[in-house]
Amino acid sequence: MLLRDEEYDSLESLCYAFDKEPADLKAYLQEHGYVWSEEQKQFRPAGYDE
């Protein structure tokens, strides 16, 4: 929601604001079936856009 509403301009700036590493978040969500879509600025189910 914070990315969608443009309070943060990137996943990296959002993560750093909450003292998290973007790579760690991406890896965690990828393990659970989600991938980051830069175009949509959201995590989407793996294979959703194929």
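Figured I'd write up the structure that's included with this text. Note that this is a predicted model, so its numbers are computed, not measured. (Residues numbered from 1 in each chain as written. Predicted model: local features only at pLDDT ≥ 70, side-chain atom pairs only at ≥ 80, totals over all residues. Heavy atoms only, no water.)

## A closer look at the overall build of the protein chain
A count of helices and strands for the protein chain gives two helices and two strands. Secondary structure of the protein chain in N-to-C order comes out as α-α-β-β. The C-alpha extent of the protein chain, read off along each of the three principal axes, is 30 × 20 × 15 Å. The burial tally for the protein chain puts 20% of its 50 residues in the buried class. Here the contacts in the protein chain between residues at least 6 apart in sequence split such that 12% fall between residues at least 24 apart. Of the roughly 4,100 Å² that the protein chain leaves accessible, carbon and sulfur atoms contribute 48%. Computing the positive centroid from 5 side-chain charges and the negative centroid from 13, the protein chain places the two 3 Å apart. (Helix = DSSP H or I, 4+ residues; strand = E, 2+ residues; numbered from the N terminus. Buried < 20%, exposed > 50% of the residue type's maximum accessible area, 1.4 Å probe, protein only. Contact = heavy atoms within 4.5 Å. Areas by Shrake-Rupley, 256 points an atom, 1.4 Å probe, with all protein chains shown as cover. Lys, Arg positive; Asp, Glu negative; His and termini not counted. Charge placed at Lys NZ, Arg CZ, Asp CG, Glu CD.)

## Side note on the pairing of strand β2 (residues 42–45)
Direction of pairing for strand β1 (residues 34–37) relative to β2: antiparallel, over a ladder of four bridges. Residue W36 lies in a different strand from β2, and its bridge partner there is F43. The turn joining β1 and β2, which pair antiparallel and follow one another in sequence, is formed by four residues; a positive phi near 55° is taken by K41. (Pairing = 2+ DSSP bridges.)

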